[in-house]
Amino acid sequence: MISYAASLRVYEPLRAFPEPERTRWTEYVDRGPGHDQVSGAEAEHAAGLAAVIAVPPTGAPDEDAELAFVRVREGVAYVCPTRTRLRSWQALSEFRASLPEVVSGAFVPLAVIENAENALEKWLVEHPELRSHVQSETYQMPLRWLLLFDSTERELVLGPRFGGDEVPAAERRRCLYVTTMAQARRRAARALNVVRRALEDGPVVSGVEAVARWLEEFHPHSLVELDYGGMVHLFTDEELADDQSTALVAQALKLLEQNDTDAAGDAYEQVMAYWHPVQQHETVN
């Protein structure tokens, strides 16, 4: 099974975590089970599926299913806890708020959603110093995320489409960007300054502002990663190799800064045209 979700992740150095989390993740890294982008997404999917089919339904994976993505750069280990339970509770609460109760209740028993909201409230009270290291969106790529990266920071592997476990991890199809927290914050601050001056208050400004605030919650020496996730399987090799999304978003921002709104709109439309076929998969049936 493949999850067609893009993810924005923050990897913090081990020293950034408060105790007892620091000890927990240090031991986790030492044991060597840290996940990469593909195996981590598969493990999250399996844990989420188990929670969905549980009797009675739980609405979120067990605490034992919690895992982390691990990156090592220049001998330093960086960890991105998935906090799948926390994100599942948040997703259920947001799902309920987005629909009439009679509709949301047809998909998920209201008792399950209420239990998730109670668990979320309790968790936030008991862990005020912790936060979610992952944001995700299904069948779409938030353009505000692309603002944080440069096209030179891409890691692209054109492995087999829909390859299974028989494909070695190093050869599995993936597309992601990785940058430093300092670069991501700098780009977010510039983008926020430009859109505030060029556009009226609305979803674009609030979206950029939200991601900029989120980055401020983490250690300044963290890494930031954008992962296309399973959506890489919806593109051909040629389409992925020719992907200019980050460059076009950067171009649109530069043109907005120069008050050339027509040309900025053209660049924006090119990005949307690239991602529109992927978005259509969400409602194809």
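Rules used in this analysis
Residues numbered from 1 in each chain as written. Predicted model: local features only at pLDDT ≥ 70, side-chain atom pairs only at ≥ 80, totals over all residues. Heavy atoms only, no water. Salt bridge = Lys/Arg side-chain N within 4 Å of Asp/Glu carboxyl O. Helix = DSSP H or I, 4+ residues; strand = E, 2+ residues; numbered from the N terminus. Buried < 20%, exposed > 50% of the residue type's maximum accessible area, 1.4 Å probe, protein only. Pairing = 2+ DSSP bridges. Core = buried A, V, L, I, M, F, W, Y, C linked by side-chain atoms within 4.5 Å. Contact = heavy atoms within 4.5 Å. Axes fitted to C-alpha atoms, helices over the stretch in contact; angles between N-to-C directions. Parallel < 35°, antiparallel > 145°, perpendicular 65-115°, else oblique. Left-handed = near helix turned anticlockwise from the far one by under 90°. Expected span 1.5 Å × (residues − 1). Phe/Tyr/Trp six-rings, centres within 6.5 Å; stacked < 30°, edge-to-face > 60°. Lys NZ or Arg CZ within 6 Å of the ring centre and 35° of its normal.

(A) Broad picture of the pattern of salt bridges. Inspection of the entire model under this criterion finds 16 salt bridges. Between E216 and R185 there is a salt bridge; the shortest N-O distance is 4.0 Å. Of the two residues, E216 sits in the loop between α8 (203-215) and β7 (223-227) while R185 sits in helix α7 (residues 181-198), which places them 31 residues apart along the sequence. When its relative accessible area of 52% is taken as the criterion, E216 is described as exposed. Ionic contacts of the salt-bridge type, sharing partners, join the residues R9, R71, E155, E225 and D227 into one network.

(B) Structural detail: the pairing of strand β2 (residues 68-73). When β2 meets strand β3 (residues 76-81), the two strands line up antiparallel, connected through six bridges. Residue pairing across strands places V70 opposite V79, the latter belonging to β3. Hairpin connection, β2 to β3: the antiparallel pair is bridged by two residues, and E74 has positive phi, about 50°.

(C) Quick peek at the nonpolar core. Judged by nonpolar contacts, the single largest core of 46 residues is most densely connected at L8, M141, L148, L215, L226, Y228 and W275. Mapped by element, the contributors of at least two residues to this core are β1 (5-13), α6 (143-146), β6 (174-180), α7, α8, β7, α10 (245-257) and α11 (261-280). The element contributing the most residues to this core is α7, with seven residues. For Y228, the contacting residues outside a window of four places in its chain are A5, A6, M141, C175, Y177, L240, D243, S245 and W275.

(D) Geometry of the packing of α7 against α8. Axis separation between α7 and α8 bottoms out at 9 Å; the angle between their running directions is 155°. Taken together, α7 and α8 sit at an angle that is classed as roughly antiparallel. Note on packing geometry: the crossing formed by α7 with α8 is left-handed. Across from M181, A184, R185, A188, A191, L192, V195 and R196 in α7, the residues of α8 making contact are V204, V205, V208, E209, A212 and L215.

(E) Structural context of α8. Between its terminal C-alpha atoms α8 stretches 18 Å, which fits the 18 Å expected from 13 residues at 1.5 Å a residue. Of all the residues in α8, the buried ones are V205, G207, V208, V211, A212, W214 and L215. Its buried side turned inward, α8 meets β1, β4 (134-138), α6, α7 and β7.

(F) Layout of the packing of aromatic side chains. For the structure shown, the criterion picks out 10 aromatic pairs. Between Y228 and W275, the ring centres sit 5.1 Å apart and the planes meet at 65°, which makes this aromatic pair edge-to-face. Taken together, the residues Y228 in the loop between β7 and α9 (237-241) and W275 in helix α11 connect sequence positions 47 residues apart. The two residues Y228 and W275 agree in class, both being buried. Ring plane angle 80° and centroid distance 5.5 Å describe the contact between Y274 and W275, whose orientation is recorded as edge-to-face. Just as Y274 is buried, W275 falls in that class too. One Lys or Arg, R24, reaches over the ring of W25 and ends 4.5 Å from the middle of that ring. The ring of Y11 has R71 sitting right over it, with the charged end atom 5.9 Å from the ring centre.

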